[in-house]
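Listed below are the residues making up each chain.
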Amino acid sequence: MRFDAVIVGSGKAVRMGLDKLTLSVGSDLILSRAAEPFAAHKDIDKIILVLRKDLFGIGKGIAEKFPDKKFVIVEGGDTRTRSVEKGLAEANSEGVLIHDAARPFVSGEVIDGVIESVKKYGSGIPAIPVADSVRTVKGGRVVGFPDRSEMYAAQTPQGFVTEQIKRAYALRGAEDFSDDSAVYARFIGSPAVTKGDERNAKITTLGDYFGLNSKIGIGYDIHRLVEGRPLVLGGVRIDYSKGSLAHSDGDGVVHALIDALLSAVGERDIGNLYPDTDPRYKDIDSLELLAGVMRMYKERNHKVSNVSIIIIADKPKLAGYIPLMKQKLSEALGISASLIGISAKTTENTQTEEAVQCCAAALVT
Ligand code: MG
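Computed from a predicted model, the values in this text were never measured in an experiment.

A look at the side chain of S83
With respect to the helices and strands, the residue S83 is situated in helix α3 (residues 80-88). What makes S83 buried here is its relative accessible area of 1%. Not counting chain neighbours up to four residues away, the residues in contact with S83 comprise V8, S10, V50, G76 and G77.

As structure tokens, then:
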């Protein structure tokens, strides 16, 4: 079963007082971040961007990043319901996913769950249990006490059989609905629920945007320097008579950075992910290990906002290598070199054994 994705980003962000879709989150705009996991998905053929006219340029920029994918850009309507309807008119795969562009942290796992549910049950609505006690209030008085165990918050993408959701929309007349599951429930049937994700929250306030989704991680590494080994730091071969004693290439900068990236998203450390007893990692280029972590980041829709690194070694002098390290790490992390800080320090010759120590901090969303 093949799918199209309708990404709705046509509303005005009145609550934030600024245009949330064009704010950057890490190194991307919120709009691109919300659309790209769909563009990269193997089961999705076409991306239908429903946008305000002033966002068409951003839409075209997203399309250019995915030359193998079909893109259609449609102007939105006055209401969300009307915007979705205009997007659905362009959908012609058997299934369709409808996603709000104000949810930029949607993961591959949530999308896969919705797709599986549509294949099995004809619909899929990601939802999470509501943590607060929900009350019905009328005229300033609490009048209803719904059972919290039955309360869920619906997220997007919401998935359907294209022909069915189109039929539901055709039957709606001029009525407005807050989401697609409500249109489907009214005219077709009760939609199936799939596992939502706390991270897949809708960005509504400045607090959501600036604070809640940023996570910090720190990492540390040390390698003894010995004769007969190459010295590689930050993906750059350093000209020196000694190198790191290690199972891999001993790139302490990349190892500390990997630990910072894993730590930020609550994962265990590099030694757990890439054990030094595993012959596959013997003398491996540590940038390949970092690429593996970045694939995991991509799958979960995590991105790096910036990183900050300290290298501590009495010898050799490293300052001249820093621009090249920044370039290598910029390519590996997919962020501008200006978002990577590297400083080199000495221990003032206080250490009895020669070694390189590295510390890294990473801010990610
Ligand atoms: Mg190491």
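Some words on the coordination of the magnesium ion
Looking at the magnesium ion, one finds its protein donor set to be D221 (OD), H223 (NE2) and H255 (ND1), positioned 2.1 to 2.2 Å from the metal centre. The exposure class of D221 is buried, given its relative accessible area of 16%.

A closer look at the environment of Q155
By the secondary structure assignment, Q155 is in the loop between β10 (152-154) and β11 (158-161). Each C-alpha atom of the pair Q155 and P67 lies 29 Å from the other, and the pair is 88 residues apart in sequence. Engagement of the side chain of Q155 in a polar contact is seen with the backbone oxygen of D197, the distance being 2.8 Å.

Observations concerning the sheet that holds strand β16 (residues 242-244)
Taken in spatial order, the five strands of this open sheet run β16-β13-β19-β17-β18, and their pairing is mixed. The open sheet has two free edges, formed respectively by β16 and β18 (340-345), since each of these has just one partner strand. Between one strand axis and the next, the sheet turns by 20° as a mean value, whatever way the strands run. Both strand β17 (residues 304-312) and β18 contribute to a ladder of six bridges, which runs parallel. Counterpart to I310 in the pairing with β18 is S343.

Some thoughts on the pairing of strand β9 (residues 141-144)
Bridge count between strand β8 (residues 136-138) and β9: three bridges; the pairing is antiparallel. Bridge pairing in β9 links V137 to V142. Connecting the antiparallel pair β8 and β9 is a turn made up of two residues, with G139 showing a positive phi of about 55°.

Remarks on a nonpolar patch on the surface
Among the surface-exposed residues, V137, V142 and F145 lie close enough to one another that they form a single nonpolar patch of about 310 Å² accessible area. Tracing the backbone through its elements, the reader meets V137 in strand β8. For V137, a relative accessible area of 51% gives the class exposed.

Rules behind the numbers
Per chain, the residues get numbers from 1 upward, laid out in the order the sequence is written. Thresholds applied to this predicted model are a pLDDT of at least 70 for local features of residues and 80 or more for the giving and counting of side-chain atom pairs; totals over whole chains, interfaces and linings are not thresholded and use all residues. The side-chain values count all of the structure's non-hydrogen atoms but skip hydrogen atoms and water molecules. Note on conventions: DSSP H or I runs of at least 4 residues are helices, E runs of at least 2 residues are strands, and numbering of each starts at the N terminus. The rule is simple: take the accessible area with a 1.4 Å probe, protein chains only, and divide by the maximum for that residue type; under 20% is buried, over 50% is exposed, in between is partly exposed. Working rule for contacts: check all heavy atoms of both residues, and any pair within 4.5 Å makes them a contact. Coordinating donors are taken as N, O and S atoms within 2.8 Å of the metal, stretched to 3.2 Å for Na, K and Ca; because water is absent from the atoms, sites can appear incomplete. Residues adjacent in sequence count toward polar contacts only when both atoms are side-chain atoms; beyond that, a polar contact is any pair of N or O atoms within 3.5 Å, and within protein one must be able to donate a hydrogen and the other to accept it. Being paired, for any two strands, means DSSP has found at least two bridges between them. Here the axes come from fitting lines to C-alpha atoms, over the contacting stretch only for helices, and the angles between their N-to-C directions go from 0 to 180 degrees. Patches were defined on residues exceeding 30% relative accessible area and lacking a salt bridge, with like-charge contacts within 9 Å and nonpolar side-chain contacts (Val, Leu, Ile, Met, Phe, Trp, Tyr) within 5 Å. The method behind every accessible area is Shrake-Rupley, applied with a 1.4 Å probe, and residues are considered shielded solely by the protein chains displayed. A pair is scored as a salt bridge if a Lys or Arg side-chain nitrogen falls within 4 Å of a carboxyl oxygen belonging to Asp or Glu.

So far we have only geometry, and geometry alone does not tell us how the molecule works.
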